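Summary of the model geometry
What follows is each chain in one-letter form.
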Amino acid sequence: MWLKPEEILLKNAFKLWVTEKDNEYFVLQRRRGYGEGGGGLTGLLVGTLDTVLDSTSKVAPFRILHHTPDSQVYWSIACGATKEEIVEHWEWLQQNIMRTLSVFDSSDDITSFVQGKIRGLIAEEGKVSLVLEDDPEKFREALLRFEKWFELPQKEKLVTYYSCSYWKGRVPCQGWLYLSTNFLCFYSYLLGAEVKLVISWDEIWRLEKTSNVILTESIHVQAHGEDHYFSMLLHLNETFLIMEQLADYSIKRLFDKESFQREPALSDPLQITKSFFALPLRGLETNARSEQFRAFFRLPKEENLLEVHESFLWVPFSHYNTLGKICLSENYLCFASQDGSQCHVIIPMREVQCIKAHTPAIRGECQSLINHFEDNPDDVTLMVGQKGSSKAVSTEALMTVFHPQDVENLDPKMLKEKMKEQSWNIHFSEYGRGTSMFFTKKTRDLIVRGVPEALRGELWMLFSGAVNDMATHPGYYTELVEQSLGTSTLATDEIERDLHRSLPEHPAFQSDTGISALRRVLTAYAYRNPKIGYCQAMNILTSVLLLYAKEEEAFWLLVAVCERMLPDYFNRRIIGALVDQAVFEELIREQLPQLVEHMTDLSFFSSVSLSWFLTLFISVLPIESAVNVVDCFFYDGIKAILQLGLAVLDYNMEALISCHDDAEAVTILNKFFDSVTNKDSPLPPTVQQASVGNNDKASHVSVDISELIREAYEKYGTIRSEEVESSRKRNKLYVIQTLEDTTKQNVIRVVSQEVKFSASHLDELYYLFKRQHFLSCYWTMNSPVLLHHDPSLAYLEQYQLGFQQFSMLFSLLEPWTLCTGKSNLSLWVFRLIDENQDGLVNFREFCYALGEFIHSLGKVDLQAYLKQWQDEILKKEETIKDLPRINQTQFIQFSKTLYNLFHGDPEEEALYRAVAHVTSLLLRMEEVGRRLQEPSSPTKPATATREGLPSEEAVTSPESSDASSTHSGQDAGSSLSEVEWSFSFEQVLASLLNEPAIVSFFERPTLIQTRLDQAKVKCMVVNVNTHEFTAESPLCDK
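Report follows, based on the coordinates. (Residues numbered from 1 in each chain as written. Predicted model: local features only at pLDDT ≥ 70, side-chain atom pairs only at ≥ 80, totals over all residues. Heavy atoms only, no water.)

Here's the deal with the sheet that holds strand β14 (residues 320-328)
Selection rule: Strand pairing requires that DSSP identify at least two bridges connecting the strands. Secondary structure elements are taken from DSSP: a helix is a run of H or I of four residues or more, a strand is a run of E of two residues or more, and numbering for both begins at the N terminus. Think of each axis as a best-fit line through the C-alpha atoms, taken over the contacting stretch in the case of a helix, with angles from 0 to 180 degrees between the N-to-C directions.
Strands sit in the order β13-β14-β15-β16 across an open sheet of four strands; the sheet is antiparallel. Looking at which strands have only one partner, the edges of the open sheet turn out to be β13 (307-315) and β16 (344-348). Shown here is a sheet whose adjacent strand axes are inclined to one another by a mean of 25 degrees, direction ignored. Relative to β14, β13 runs antiparallel, the two being bridged by nine bridges. Note on β14: the bridge partner recorded for F312 is L323.

With respect to the pairing of strand β7 (residues 171-180)
Applied cut-off: Burial classes follow relative accessibility: with a 1.4 Å probe on protein chains only, a residue under 20% of its type's maximum area counts as buried, one over 50% as exposed, and anything between as partly exposed.
The buried fraction of β7 amounts to nine of the 10 residues, a majority that puts the element mostly inside the structure. As paired elements, strand β6 (residues 158-168) and β7 share 10 bridges and run antiparallel to each other. Paired with S165 across the bridge in β7 is Q174. What sits between the antiparallel neighbours β6 and β7 is a turn of two residues, in which G169 has the positive phi angle 80 degrees. Where β7 meets strand β8 (residues 183-190), four bridges bridge the pair, whose relative direction is antiparallel. Each residue of the ladder has a partner; that of L179, found in β8, is L184. Here β7 folds back onto β8, and the loop between the two strands holds two residues.

Remarks on the packing of helix α25 (residues 638-651) against helix α27 (residues 662-675)
Operational definition: For this classification, under 35 degrees means roughly parallel, over 145 means roughly antiparallel, 65 to 115 means roughly perpendicular, and everything else is oblique. Any pair of residues with heavy atoms lying within 4.5 Å of one another is described as a contacting pair. Gly is placed with the polar residues, together with every amino acid not listed as nonpolar (Ala, Val, Leu, Ile, Met, Phe, Trp, Tyr, Cys and Pro) or charged (Asp, Glu, Lys and Arg).
The interhelical angle for the contact between α25 and α27, taken along N-to-C directions, is 110 degrees, at an axis separation of 11 Å. Of the possible angle classes, the one that applies to α25 and α27 is roughly perpendicular. Each of V648, L649 and Y651 in α25 lies in contact with α27, whose residues at this interface are L669, F672 and F673. Classifying every residue of the contact of α25 with α27 by side-chain character gives six nonpolar, no polar and no charged.

Topic: the packing of aromatic side chains
Going by this rule: Each Phe, Tyr or Trp ring (for Trp, its six-membered ring) is paired with any other whose centre lies within 6.5 Å, and the angle between the two planes then decides the class: stacked below 30 degrees, edge-to-face above 60, tilted in between. Charges are assigned to positions over rings by a cutoff of 6 Å between ring centre and Lys NZ or Arg CZ, combined with an angular limit of 35 degrees from the ring normal.
Within the structure shown, the criterion is met by 48 aromatic pairs. Consider the rings of Y651 and F672, whose centres lie 5.1 Å apart with planes at 45 degrees: the pair is tilted. Linking Y651 in helix α25 with F672 in helix α27, this pair joins segments that are 21 residues apart in sequence. Given the relative accessible area of 38%, Y651 is considered partly exposed. A relative accessible area of 0% places F672 in the buried class. Ring pairs connect the aromatic residues F139, F146, W149, F150, Y161, W176, Y178 and Y187, which therefore count as one cluster. Its end group placed over the ring of W176, R145 keeps NZ or CZ at 5.8 Å from the ring centre. Over the aromatic face of Y548 sits the side chain of R456, whose NZ or CZ is 5.1 Å from the ring centroid.

Description of the side chain of E764
Within the secondary structure layout, E764 lies in helix α30 (residues 759-775). Exposure remark for E764: the relative accessible area of 14% places this residue in the buried category. Every residue in contact with E764, bar those within four places of it in the chain, is listed here: Q1009, L1012, D1013 and K1016.

A look at the nonpolar core
This is how the line gets drawn: For this analysis, a nonpolar core means a set of buried residues of the types Ala, Val, Leu, Ile, Met, Phe, Trp, Tyr and Cys, connected via side-chain atoms within 4.5 Å.
Formed by 129 residues in total, the largest nonpolar core has its most connected members in F463, M538, F570, F634 and L649. Here this core gets 10 residues from one element, more than from any other, and that element is helix α20 (residues 551-565). Setting aside chain neighbours within four positions, we find F570 in contact with I532, C535, Q536, A537, M538, L541, V561, C562 and L614. In terms of nonpolar packing, the next biggest core, distinct from the first, is built from 106 residues, V159, Y187, F843 and L992 among them.

Some words on unusual backbone geometry
Although it is not a glycine, R298 sits at a positive phi angle of roughly 55 degrees. The residue R298 is located in the loop between α8 (278-297) and β13 in this model. Backbone geometry places F617, a non-glycine residue, at a positive phi of 70 degrees. By the element assignment, F617 lies in the loop between α23 (603-615) and α24 (623-636).

Some thoughts on α27
Along an α-helix, a turn takes 3.6 residues, which lines up residues three or four apart on a common side. The cut-off we apply is this: Any helix carries an expected span of 1.5 Å times its number of residues minus one. Here a polar contact means two N or O atoms within 3.5 Å. Within protein one must be a hydrogen donor candidate and the other an acceptor candidate, and residues neighboring in sequence count only if both atoms are side-chain atoms.
Taking 1.5 Å of rise per residue, 14 residues should cover 20 Å, and α27 covers 20 Å from first to last C-alpha, within 8% of that figure. Residues of α27 that are buried include every one of A665, I668, L669, F672, F673, D674 and S675, and no others. Elements that come into contact with the buried residues of α27 comprise α23, α25, α26 (653-658), β17 (676-677), β18 (703-704) and α28 (705-716). Sitting at the amino-terminal end of α27 is D661, which places a side-chain oxygen 3.3 Å from the backbone nitrogen of A663.

Re the pairing of strand β2 (residues 17-22)
Where β2 meets strand β3 (residues 26-31), five bridges bridge the pair, whose relative direction is antiparallel. Each bridged residue has a counterpart across the sheet, and for K21 the counterpart in β3 is L28. Between the antiparallel neighbours β2 and β3 lie three residues.

Side note on the pattern of salt bridges
Definition in use: A side-chain nitrogen of Lys or Arg and a carboxyl oxygen of Asp or Glu constitute a salt bridge if their distance falls within 4 Å.
As enumerated under the stated definition, the model contains 36 salt bridges in all. One salt bridge in this structure joins K252 and D248, with 3.3 Å as the shortest N-O distance. Here K252 and its partner D248 are both found in helix α6 (residues 236-254), four residues apart, which amounts to about one turn of the helix. Each member of the pair, K252 as well as D248, is classed as buried. Each of E20, R30 and K83 takes part in a single network of salt bridges with overlapping partners.

In structure tokens form, the structure reads like this:
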């Protein structure tokens, strides 16, 4: 076990220890009296003392000491009761610490680093034991440190924490890594140097495990173009898994709402973590395990993994027990082998008629399953196995209508087709048929050889899991068809446009029968899932499904593909396809190094292979060949498409290496696809798809699709589905951030044409705007900006701010930093730019408002401005509307706003006097105007004189003193208090321009870069201090 470092002075000490191993910084010692030789008389004495002493005084027989070459002081850092235990600690030091110590310049730095690392390991081990004992005290202490160091809102939930080293340059900083719902944080304080790092999960571009010369294994995080490395973690794999889950959770919640809404278990960020340490991990791990469980067994999204038990399964076709695990969900009992036989079976509860536990041990492990059937006696009739009434899925489809088999006249191809059917029937008799069939290596071998036309629909339903969806939703498709009938939406318009483009060469879609079925399936799915609606390529895929499955089955196959097997493929941003293309690029680098050497830019393969993934090769291969690819896809998922893509590139390797440009490479691949045939296809020429390059087939050797698929499995079948899923998660971060960056560039390009900010300033403004958007989303699910965020919207509308968020960001960027109480000004600006009055403003509106404040208040030619204004007034064009007059209440608020703006300014006193002058001047102008409009009276001038009001000339005279103007303003105010008064825009502007102090205040240049730099620092602090009040303020009287 690791020990708290304690100083030991060994010089001239009685030698009770024997050195077993040593190096420049560590010594492994064995206590005399233990191990080989016993140590003679000294060893006997030491052994006796250790035996006589009580357990609290006993010394462990093995220990590890730390020292430096120029010091006589040793530090005990580890001990062990067995040699195996201490050797394990020694090897960990060799692998994780030794290489790191070489970067330090002084012995003191080395000792401080080692001590800090060992203390972190001790805390790590103690934390794990506390979790097992359900003792939250240590976690509470860590939570207090987390809140103190990072000053995040109390709503921010800490998930877990780890001791680790953070590499800042070439020198590591030993400290603590804190993982919370929205942030990755690190803190270190060593030798007076404090290191603090806060990265939000939504800012991360890459998250991966890496290793190099110095670091045996570390976690690499890339954010804002900077690389961060965390190493020397005691549980690195566990740490990485949790980081991956938190990053994926954040991406789904903030960027990819469609997939996030499909996971209600993680819908509330406040419930992701608790005060206790164990609970948050259970939530994340449970969700991750359920995802893997559903993906492996192709189960509906409602299923959650409840229990897992190791067990043996009697395999009747092999007559032996295979070791594996039983996985139990709400409605399914599944088994997967672990002995390399690749055997798994899925048993729906609806087909189980009886279950018996033959031994008490088995009954204990499966008690929950047994309880289910004891509580539901109607389900109990027979042993677990193939349900007697289970029937094969109906395969009545368009192919049977437009290409019925002639059983009397069998040509060689039909005879071979019948032989395939016979092979499958033999397989069914041995391994079962229907939902509870055993899936084995032999099943995959039959798939690779090709599925018979008559069984294709049934097997697609079975392998995809669509058979379970349809069985648990009887009548659902019929209801959808009835509800969607006659609806008119953008999706239905697009569907109508593409109906006759779907396999137009096939007779089934040259008639109303096939077109109507295609229309109903696509419209029903668009009605079921309006977030996806309809996307191009769905029509091609659905057409093929309808050829081999009846209408309702085709619908459920489409559901399985869009929502389970190819997630996020069929939406506006096709994120899923882009992610799989990134995975494909990685596999090309690993599997085809020769091609990579010649074509360093692999983006070409991403562009050319997009249709391969979106249509499962249907759009590039003849239909009779493409269906064989679809067979493999439904059995092995995206792994089959990746394998085939590699095989295609490998087959054309020499031609691709010799090509000179991308156009030539595209031509080579197109000719290759045109040459692919299916020599075993029983379809007549009228049904088979005509190849585009038929005229060139003589110059290109034909390739049989079965041989191509077989070669793909032989060469690249070692690619594991787990590796593909891991690569998907790793690349999803990069793909989404790349799309976000593209969105930013598009927004900046549009906005730059309408505002006066430079491109670099707009880039920083966009970052702050987007950051403010997300800060309002972190701690609530009901944030209006989050509810309105939709990636399918136009670029400018994707991120918006409510009033509270707008006010906070606007206060950080507006020119007047010293003023207080400007909430009314922010409210007025917000109302002005929120033209559609939905309580939200987009980036363009925000930049326009900010630009008007910053760029319009600089040095201007007042004479030219007044002349232009006078000309516009004289023209009195009908399109120019007079501004409404400002009333008493508005003018008072306007005056208060001016005072608030000037508060704290170095010229505050002069500005206050100027405001008083403006107020007095406006009130006198209003009084004079009112008197001029009244009927003439001989007593009026006297009254005016007695009241001390100046004449019209006196009002406009610049010789009025400050005191008299203030006093006169008060007198005028009292004179006008009993009547309603108002001012025009022209009067207010003229009065303001008459005060040099006010004019110079608004003419001061604003350094926008300084404001941006300050806003980046203060943005998080402002939100932390106000997060409790981030609910949208009521914008009354809009």
